[in-house]
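Remarks on the overall topology
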Amino acid sequence: MKEISHKIFYKKSYWLVAILLWISWGVGKLFLEKKVAHELTPSLNLRVSEQMGQDAVLALFSGFRSVLADGLWLRANYQFEQQQWLPMREDMELVCLLQPRSVFFWEMAVWHLAWNMSHAARYDLKEPSLAKRLKAEQSYILAGRKLLDRGLENIPDRYELWVARGFLRAEKQKDYEGAAEDFLKATTFPDAPAYVFRQVAYHLERAKKWQEAYAFWLKIWRSFPDKNATPEMRWDRVQAHIERLEEKLNIPQQQKLFPGN
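Scope of this entry: the structure provided in the associated data block. These figures come from a predicted structure and were not determined experimentally.

For the rest of this paragraph, the subject is the overall build of the chain. Looking only at helices and strands, the chain has 12 helices and 0 strands in total. Helices and strands in the chain line up, N terminus first, as α-α-α-α-α-α-α-α-α-α-α-α. The buried share of the chain, reckoned over its 261 residues, is 43%. Partitioning the contacts of the chain with sequence separation of at least 6, the portion at a separation of at least 24 is 55%. Total accessible area computed for the chain in this model is approximately 15,200 Å², and 56% of it derives from carbon and sulfur atoms.

Here we come to the packing of helix α7 (residues 130-154) against helix α8 (residues 159-171). Put simply, α7 and α8 touch, their axes get as near as 10 Å, and they point 160 degrees apart. Classified by the interaxial angle, the pair formed by α7 and α8 is roughly antiparallel. The hand of the α7/α8 crossing is left-handed. Contacts between α7 and α8 pair Gly144, Arg145, Leu148, Asp149, Gly151 and Leu152 from the former with Leu161, Trp162, Ala164, Arg165, Leu168 and Arg169 from the latter. Its residues placed into classes, the contact of α7 with α8 shows 6 nonpolar, 2 polar and 4 charged.

Relative to the assigned elements, Gly166 resides in helix α8. As for Gly166 and Phe183, which are separated by 17 residues in sequence, their C-alpha atoms are 5.8 Å apart. When neighbours within four sequence positions are excluded, Gly166 is seen to be in contact with Ala179, Asp182 and Phe183.

Before going further, it helps to spend a moment on the packing of helix α10 (residues 194-206) against helix α12 (residues 235-248). The geometry of α10 relative to α12 is characterised by a closest axis approach of 12 Å and an angle of 30 degrees between their N-to-C directions. One element, α10, and the other, α12, form an angle in the roughly parallel class. Seen from above, α10 lies across α12 with left-handed handedness. Facing α10, whose interface residues are Arg198, Tyr202 and Glu205, α12 presents Val238, His241, Arg244 and Leu245. Across the contact of α10 with α12, the residue classes break down as 3 nonpolar, 1 polar and 3 charged.

Formed by 61 residues in total, the largest nonpolar core has its most connected members in Met92, Leu113, Met117, Leu161, Trp217 and Ile242. Looking at this core, the element that brings in the most residues is helix α6 (residues 103-122), giving 9 residues. Leaving out residues up to four positions away in the same chain, Leu113 has contacts with Arg89, Met92, Ser118, Tyr140, Ile141, Ala143, Gly144 and Leu147.

What counts and what doesn't
Residues numbered from 1 in each chain as written. Predicted model: local features only at pLDDT ≥ 70, side-chain atom pairs only at ≥ 80, totals over all residues. Heavy atoms only, no water. Helix = DSSP H or I, 4+ residues; strand = E, 2+ residues; numbered from the N terminus. Buried < 20%, exposed > 50% of the residue type's maximum accessible area, 1.4 Å probe, protein only. Contact = heavy atoms within 4.5 Å. Areas by Shrake-Rupley, 256 points an atom, 1.4 Å probe, with all protein chains shown as cover. Axes fitted to C-alpha atoms, helices over the stretch in contact; angles between N-to-C directions. Parallel < 35°, antiparallel > 145°, perpendicular 65-115°, else oblique. Left-handed = near helix turned anticlockwise from the far one by under 90°. Nonpolar A, V, L, I, M, F, W, Y, C, P; charged D, E, K, R; others polar. Core = buried A, V, L, I, M, F, W, Y, C linked by side-chain atoms within 4.5 Å.

Have a look at this one:
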């Protein structure tokens, strides 16, 4: 009985928090809309990130930015379930504006834009024109890229968004050389995970920069003398790439890292 009452309490508490966040969002949105409408435009088309400077928004919401951002994010998740892409996009962009130092919000917003929304646009059965679907897909990818660029302006000192942009450039824009540059930037941070180093060389290969890729694979191999201490580097894969490029580049047998293979 006691356990059941606890469950009821937690369930009620959850809904109470949700309601409070929703109210906070509504009050903040109303205040913001009135301010923007009064000061900036007679016909309100809410694109807050473009109409107001970031400093102005942060000052406007100062004390309850976190609460408002959480409320907006809850609503964005509901909009995702309902596939309400445009209002979801606006809410996510405002969340990023309210919490510009949150890696999570930037990463998730970009993922929704460049992956989920672009995919939905491409396979939208309500639109019979393939050309229009592809155009809509690209518009979401571009929106994700622009949002990610803004994220990096706010958080250039963490590896996560550099990695996110590397994957976006590679998988959505087929810019493999640019992706390698972003992954390389990510490796300059001491907490960058092992896979990021491999991504640099891997995407140089995808860009057909064979010599540069080979040089980076060798750099990775020689930078970690004790291979047993760093199994996360997946040394079998590193070796396979080196051997393959040694054959492709016709490296003389005596100069190969693995001459016996």
